[in-house]
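Take a look at the letters that make up each chain.
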Amino acid sequence: SYAASAVRLLYPMPTAEAGEVTWRRLAPGFEIGDMPVLHDGEEVDHLYLTRIDPRFYRFELRIDADNDLNAWMREAQPAAVINASYYNAAMGPATPVRIDGAFAGPADYDSQHGAFVSSDALTQIVDLANGGDWRAAMGDAQTALVSYPTLLSADGENRAPESRWLASRSFIAQDADGFIILGSAPEGYFSLHRLGEFLRTAPLNLHYELNLDGGPVACHGVAQGDTIRRIYGHVELQSDGENQPLRVLPASRKIQALMPIVLAVFPRTDVAESS
């Protein structure tokens, strides 16, 4: 948007305020939400949210180097899908993950941030600060991923450094009720640190918040009943210093980026069969 583009040029970047958050229930245990991000009363970005009750839905990591958001939604037919953690030059996971109960990604990895871990019994974000063991955190989970940085920990810590690296953002969060929230802010207003500070005071009741990969890959889709929502990342800007201009990174020129690794959400069949 024009407002977002103008505000991005200011330094230091002004603090944004959260507008009113609205939720719409699409199915038991599944809601979508919207929250405007405001500067001087004008919208400069927007949070698109999906709130999921793990008692009703399961999470799967999937990999396909040739798929974009439209392909994932068409082929996997998930209730929701979002880009996962970082990928490498070979389009494989750059952080440890667990897919269908099997480890993938680098075996030698040191994380000081967090992991999303999901099994039939428990779905949660685990803090890996102070030497937390990601292998132990993943345990025998069916689905897990390590990502960074932690933008909000249970004790209110934001581990993202200050920077002028602005991009479309995606994140996964856990609120105080144990619901999992997938979130996207596509307009490129936020650095990672500023996103963490914004979420700290936003009326979302968040307990943990973990960044996912950003930039054009930061895409987020929902398909429930008659509701179809597709959010595409399209911004990545960087500056070499406080007084240096922002520059558009080459990847930002892609209209729709590939999403090699995604976190997909599906209804739990055991709940459906017992209900």
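For the structure, see preceding data.
Residues numbered from 1 in each chain as written. Predicted model: local features only at pLDDT ≥ 70, side-chain atom pairs only at ≥ 80, totals over all residues. Heavy atoms only, no water.

Draft legend 1. Representation of unusual backbone geometry in the model. Backbone torsion omega between tyrosine 148 and proline 149 reads -10 degrees, so that peptide bond is classified as cis. The phi dihedral of aspartate 40 falls on the positive side, at around 55 degrees, and the residue is not glycine. By the element assignment, aspartate 40 lies in the loop between strand S3 (30-39) and strand S4 (42-52). Of note in this structure, asparagine 205 is not a glycine but carries a positive phi near 60 degrees. Here asparagine 205 shows up in the loop between helix H4 (192-201) and strand S16 (206-211). Residue class for asparagine 205 comes out partly exposed when judged on its relative accessible area of 47%. (Helix = DSSP H or I, 4+ residues; strand = E, 2+ residues; numbered from the N terminus. Buried < 20%, exposed > 50% of the residue type's maximum accessible area, 1.4 Å probe, protein only.)

Draft legend 2. Region of interest: the nonpolar core. Ranked by size, the top nonpolar core spans 26 residues in total, and within it Phe30, Leu61, Phe116, Ile172, Leu182 and Leu263 carry the most contacts. The next biggest cluster of nonpolar side chains, apart from the first, holds 23 residues, and it includes Val44, Leu49, Ala202 and Leu204. (Core = buried A, V, L, I, M, F, W, Y, C linked by side-chain atoms within 4.5 Å.)

Draft legend 3. Spotlight on the pairing of strand S2 (residues 22-27). One ladder, built from 5 bridges, connects S2 with S3; its direction is antiparallel. The residue bridging tryptophan 23 from the neighbouring strand is glycine 33, located in S3. A loop of 2 residues connects S2 with S3, the two strands running antiparallel in sequence, and glycine 29 in this loop sits at a positive phi of about 80 degrees. (Pairing = 2+ DSSP bridges.)

Draft legend 4. Quick look at empty space enclosed by the protein. Across all of its chains, the model carries 1 cavity of 30 Å³ or more by this definition. Taken as a whole, the largest cavity holds about 30 Å³ of empty space. In terms of lining residues, the largest cavity is bounded by His113, Gly114, Ile125, Val126, Asp127, Thr150, Tyr208, Glu209 and Leu210. Residue assignment for the lining of the largest cavity shows that the elements contributing at least two residues are strand S10 (123-127) and S16. (1 Å grid on protein atoms, 1.4 Å probe; cavity = no way out; pocket = protein on both sides within 12 Å on 5 of 7 lines; lining within 4 Å. Points joined across faces, edges and corners; volume = space filled by probe spheres on them.)

Draft legend 5. Quick peek at the packing of aromatic side chains. What the rule picks out here adds up to 6 aromatic pairs. On the numbers, 5.3 Å between centres and 50 degrees between planes, the contact of phenylalanine 30 with tyrosine 57 is tilted. Of this pair, phenylalanine 30 sits in strand S3 while tyrosine 57 sits in strand S5 (residues 57-63); the two residues are 27 residues apart in sequence, bridging distant segments of the chain. Phenylalanine 30 sits in the buried class, given a relative accessible area of 0%. Its relative accessible area of 5% is what places tyrosine 57 among the buried residues. Both rings, one in phenylalanine 103 and one in tryptophan 134, keep their centres 5.9 Å apart while their planes meet at 80 degrees; by these two values the pair is edge-to-face. Of this pair, phenylalanine 103 sits in strand S8 (residues 102-104) while tryptophan 134 sits in helix H3 (residues 134-138), and the two are 31 residues apart along the sequence. Of the residues examined, phenylalanine 103 reaches a relative accessible area of 44% and is grouped as partly exposed. Taking relative accessible area as the criterion, tryptophan 134 reaches 5% and is therefore assigned buried. When the ring centre of tryptophan 23 is taken as origin, the NZ or CZ atom of arginine 51, which lies over that ring, is 3.8 Å away. Over the aromatic face of phenylalanine 103 sits the side chain of arginine 98, whose NZ or CZ is 4.5 Å from the ring centroid. (Phe/Tyr/Trp six-rings, centres within 6.5 Å; stacked < 30°, edge-to-face > 60°. Lys NZ or Arg CZ within 6 Å of the ring centre and 35° of its normal.)

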